[in-house]
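What the coordinates show
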Number of protein chains: 2
Amino acid sequence: LDIAIEEVGIPKSSALQPEYLVASPHRLVPALELDNGTRIGEAMAICRYLEALHPEPPLMGRDPEEAALIDMWERRAELEGMRGVVEMFRNANPGFVDRGLAGWTTPVPQIEQLVTRGQARVERFFGILEDRLGETEFLGGAAFSVADITALCTVDFAKRAAKSEIPPDATNLLRWYEAVSSRPSAAA
Amino acid sequence: LDIAIEEVGIPKSSALQPEYLVASPHRLVPALELDNGTRIGEAMAICRYLEALHPEPPLMGRDPEEAALIDMWERRAELEGMRGVVEMFRNANPGFVDRGLAGWTTPVPQIEQLVTRGQARVERFFGILEDRLGETEFLGGAAFSVADITALCTVDFAKRAAKSEIPPDATNLLRWYEAVSSRPSAAA
């Protein structure tokens, strides 16, 4: 899809740019601005909106049962995977001192115990993925979906930010990771 | 809808029953079991599945833009509201010693700082709701939706488990709370 992208700060520094904060008081990225000015936040709300407008290829299932399993695994990837990586990263990184929670304007102290807990969550998530990917080709089922996208972002973030590698004996997860990260869209 | 409900333990004790855990190794509630045996976890995946089968009355929007705003606010209610209450509750409650994260089979220590942080998240969430409900009648927009359901569960859980009351000057939030909690379905 051809959507104009505007970077608002995260990759360049650890703070969002003031212009963005004024326009989007909720203080989180990403946001999709429609032509009528409506601003949609939350990554998966944006994905679902774009999917409704462009249903081919289907990334959220083709019937209610497929959609439900994809939805379930996408949320697990976020809540059990991504949240663990973020918990570890934000509480360990010197760039996030007093910024323990995203979007806050008042100081939120880092909590050292969350670094260890976050690390344990990431390792557990690798095990969850390994088990599931022993049953199905992709995380949500037989087809590539948004569940794989969230899980791939989580694994890549864990590798880069938390120095967590996929265990060498997690053969299903390694097979999946090779397949999904070699898709052209993964390089975008 | 007429769906058979089976309690698996939470209201009676702090642990899930063994029968449920065997059938559902992911160790979380709720789950919806379909007639073909497929088990759908994650509350919102279940809601979306039921909505697809029973679209009237619509609880997830009638067009992609409405759906996106409802989706966004439902996720905010969960991530910024419910997660804060849960953070506070699990880390403060003696029934959850070494059970700091749901679904784990190994001990997860409680973290005292998360009690304070969770409390602050709940108070901030009340402010987010108050601002939003000054703009729209319901959280997702003009109509009652799943976003209101998640937010109502959050406020009720905060009142009951965390002894957090809606601030008396949060007039929009109080107006909304009175309206949504007096719906017949809120008593179910």
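Details of the structure are given in the entry above.
Residues numbered from 1 in each chain as written. Chains lettered and ligands numbered in written order. Predicted model: local features only at pLDDT ≥ 70, side-chain atom pairs only at ≥ 80, totals over all residues. Heavy atoms only, no water.

**Remarks on the packing of aromatic side chains**
Under the counting rule described, the total for this entry stands at six aromatic pairs over all chains. Judged by centre distance (6.0 Å) and plane angle (85°), the ring pair of F138 of chain B and F144 of chain B falls under edge-to-face. Since its relative accessible area comes to 13%, F138 of chain B is described here as buried. Three or more aromatic residues link up through ring pairs in this structure, and these residues are F89, F96 and F157 of chain A. A cation over a ring is seen here: R183 of chain A above F144 of chain A, with NZ or CZ 3.5 Å from the ring centre. (Phe/Tyr/Trp six-rings, centres within 6.5 Å; stacked < 30°, edge-to-face > 60°. Buried < 20%, exposed > 50% of the residue type's maximum accessible area, 1.4 Å probe, protein only. Lys NZ or Arg CZ within 6 Å of the ring centre and 35° of its normal.)

**A word on the interface of chain A and chain B**
At the interface, 41 residues of chain A touch 41 residues of chain B. Both sides together, the interface formed by chain A and chain B hides about 3,800 Å², and carbon and sulfur atoms give 60% of it. A per-residue breakdown of the area chain A buries against chain B is headed by H26, R75 and R117 of chain A, which together make up 18% of the total. Linking chain A with chain B are six salt bridges, by the criterion used here. Between R75 of chain A and E74 of chain B there is a salt bridge, with its nearest N and O atoms 3.8 Å apart. Of all elements in the fold, only β2 (39-41), α2 (43-53), α3 (64-92) and α4 (112-132) of chain A reach the threshold of two or more residues within the side of chain A that touches chain B. The greatest single-element share of the side of chain A that touches chain B, amounting to 13 residues, is contributed by α3 of chain A. For the side of chain A that touches chain B, a count of residues per class yields 20 nonpolar, seven polar and 14 charged. (Contact = heavy atoms within 4.5 Å. Buried area = accessible area lost by both parts, 1.4 Å probe. Salt bridge = Lys/Arg side-chain N within 4 Å of Asp/Glu carboxyl O. Helix = DSSP H or I, 4+ residues; strand = E, 2+ residues; numbered from the N terminus. Nonpolar A, V, L, I, M, F, W, Y, C, P; charged D, E, K, R; others polar.)

**What to know about the layout of surface pockets**
One number sums up the size of the second largest pocket: a volume of about 580 Å³. Lining of the second largest pocket is provided by 25 residues; of these, R48 and A52 of chain A together with R48, A52 and A67 of chain B occupy positions nearest its centre. Those elements giving two or more residues to the lining of the second largest pocket turn out to be α2 and α3 of chain A together with α2 (43-53) and α3 (64-92) of chain B. Taken together, the residues of the lining of the second largest pocket break down into 14 nonpolar, two polar and nine charged. (1 Å grid on protein atoms, 1.4 Å probe; cavity = no way out; pocket = protein on both sides within 12 Å on 5 of 7 lines; lining within 4 Å. Points joined across faces, edges and corners; volume = space filled by probe spheres on them.)

**Things to note about α2 of chain A**
Of all the residues in α2 of chain A, the buried ones are M44, A45, I46, R48, Y49 and E51 of chain A. The inward-facing, buried residues of α2 of chain A abut β1 (31-33), β2, α3 and α5 (146-161) of chain A together with α2 and α3 of chain B.

**Side note on unusual backbone geometry**
With an omega dihedral of -5°, the bond running from E56 of chain A to P57 of chain A counts as a cis peptide bond. Mapping P57 of chain A onto the fold places it in the loop between α2 and α3. In this model, V29 of chain B is joined to P30 of chain B through a cis peptide bond whose omega is -5°. With respect to the secondary-structure elements, P30 of chain B resides in the loop between α1 (18-23) and β1 (31-33). The backbone of R27 of chain A shows a phi angle near 65°, a positive value even though the residue is not glycine. Mapped onto the elements, R27 of chain A comes out in the loop between α1 (18-23) and β1.

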